[in-house]
Amino acid sequence: MSGVLELAPEPRSVRDARVWIVGQLATIGREDLADAARLGVSELVTNAILHADPPILVRLGGTAAHPRIEVHDSSATPPRARSMTEEARLLATVGRGLSLVAMYSTTWGADVSVRGKVVWFEPAADHAVPDVTAEHLTGDVFGVTEPVDEPGAVSPQVTVRLPGFPVAVFTHYRSWYDELRRELRLLALSHGTAYPVARELSELTVRAEQENRRTVGFERIEHAAQAEVDRLDVELRLPVATTVTMGRLRVLLEQMDDYCREQRLLSPEPTSQQVVLRSWFLGELERQGLGEPPRPWTGAYTVQDPGR
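Residues numbered from 1 in each chain as written. Predicted model: local features only at pLDDT ≥ 70, side-chain atom pairs only at ≥ 80, totals over all residues. Heavy atoms only, no water.

Engineer: Quick rundown of the packing of helix α6 (residues 167-191) against helix α10 (residues 272-289)? Include the residues and the values.
Structural biologist: With their axes 10 Å apart at the nearest point, α6 and α10 run at an angle of 100° to one another. Viewed along their axes, α6 and α10 adopt a mutual orientation that is roughly perpendicular. Residues V169, F170, H172, Y173 and W176 of α6 lie in contact with α10, whose contacting residues are Q273, Q274, L277, R278 and F281. In terms of residue class, the contact of α6 with α10 is made up of six nonpolar, three polar and one charged. (Axes fitted to C-alpha atoms, helices over the stretch in contact; angles between N-to-C directions. Helix = DSSP H or I, 4+ residues; strand = E, 2+ residues; numbered from the N terminus. Parallel < 35°, antiparallel > 145°, perpendicular 65-115°, else oblique. Contact = heavy atoms within 4.5 Å. Nonpolar A, V, L, I, M, F, W, Y, C, P; charged D, E, K, R; others polar.)

Engineer: Can you lay out the nonpolar core for me, pointing to particular residues and giving the numbers?
Structural biologist: Of all hydrophobic cores here, the largest spans 41 residues; its most connected members are L162, F165, L249, L253, M256 and F281. Of all the secondary structure elements, the ones that give two or more residues to this core are β7 (157-166), α6, α7 (196-212), α8 (218-226), β8 (231-239), α9 (240-261) and α10. With nine residues, α6 is the largest single contributor of residues to this core. Other than its neighbours up to four places away in sequence, L253 contacts Y173, Y177, L180, L201, R278 and L282. One finds W20, L25, V41 and I56 within the second-largest nonpolar core, a separate group that totals 28 residues. (Core = buried A, V, L, I, M, F, W, Y, C linked by side-chain atoms within 4.5 Å. Buried < 20%, exposed > 50% of the residue type's maximum accessible area, 1.4 Å probe, protein only.)

Engineer: Any chance you could break down the pattern of salt bridges for me, citing the residues and the numbers?
Structural biologist: Enumeration over the complete set of coordinates arrives at 25 salt bridges. The salt bridge involving E286 is made with R250; its shortest N-O contact spans 3.1 Å. Taken together, the positions of E286 in helix α10 and R250 in helix α9 put the pair 36 residues apart, joining distant regions of the chain. A salt bridge links R295 to E284, with the nearest nitrogen and oxygen atoms 3.2 Å apart. You can see R295 sitting in the segment after α10 and its partner E284 sitting in helix α10, a full 11 residues away along the chain. With a relative accessible area of 45%, R295 lands in the partly exposed category. Under the relative-accessibility criterion, E284 is labelled buried at 0%. One salt-bridge network, in which partners are shared between bridges, spans R59, R68, E70, D111, E179, R182, E183 and R185. (Salt bridge = Lys/Arg side-chain N within 4 Å of Asp/Glu carboxyl O.)

Engineer: Describe helix α2 (residues 34-51), with residues and values.
Structural biologist: The end-to-end C-alpha separation of α2 is 26 Å, in line with the 26 Å expected for 18 residues at 1.5 Å each. What α2 keeps buried is the set A34, A36, A37, G40, V41, S42, E43, L44, V45 and A48. (Expected span 1.5 Å × (residues − 1).)

Engineer: How would you summarise empty space enclosed by the protein if you had to cite specific residues and measurements?
Structural biologist: Empty pockets left among the atoms are what a rolling probe the size of a water molecule brings to light. Across all of its chains, the model carries three cavities of 30 Å³ or more by this definition. Considering the residues around the largest cavity, the lining is formed by 14 residues, among which R174, Y177, M246, F281 and L282 are closest to the centre. For the lining of the largest cavity, the secondary structure elements donating two or more residues are α6, α7, α9 and α10. Looking at the lining of the largest cavity residue by residue, the classes come out as 10 nonpolar, one polar and three charged. (1 Å grid on protein atoms, 1.4 Å probe; cavity = no way out; pocket = protein on both sides within 12 Å on 5 of 7 lines; lining within 4 Å. Points joined across faces, edges and corners; volume = space filled by probe spheres on them.)

Structure (structure tokens):
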């Protein structure tokens, strides 16, 4: 699956989005969702063209059993569905978008951040269009920031050294990881009982991010990335508990790779370079937390082509 469609801010893009999303659903055997998907994506792309700046992206996420359609744009204004009568829905041409999306979805919501927002919905099958109540119109709109750390005792610290740290490769991996985290969170929120691994991994990534905020040294990696430095000798000072968290995170992410590979999860699987980088990075945090000596990065410093 190609995964993402980028659209120009012009009327023709609405048709392009409809055709693309129906084709994507066909590849996973979900033609039964085509009508609702076609209508919903048309409304969301229209809203993005009218009210946001490029880039506008359409993405199919979730799983084959619970596919989720997403429209990304650059506006940080939260979406809001208007409560409309049946007659108003039929007559309205602008401003009706989320009300109609709600009519033809089993659930919908949005992620909002300073960089923009993602509005998403899970299209309903032809025979399963729900009644639209005020609660259904509300959707699940939330920010992408993680929960604030709970107060507690300061954890013991450990120093981890990462010689020859591949800055650009890590930055590219981090983008993939952040997208996977959002994917898992949405699955956990909407279908946590059906995907227990996604729920456990989502909870674990939240814990890891909270612990990472108590880590000293990550800021040097961010500065190096901004300066386009390709390698750096990194020293991190982090809670001992983080090394245990990272060990469990590595195991669950490897299991999630199988989900992606089997297309049980519609997100793209990591590249071979990202797998090697993740194994080294998380493995070093775990190993050095146990007192073992550091091992330098021995891979490439340029980002691998995803097609390789």
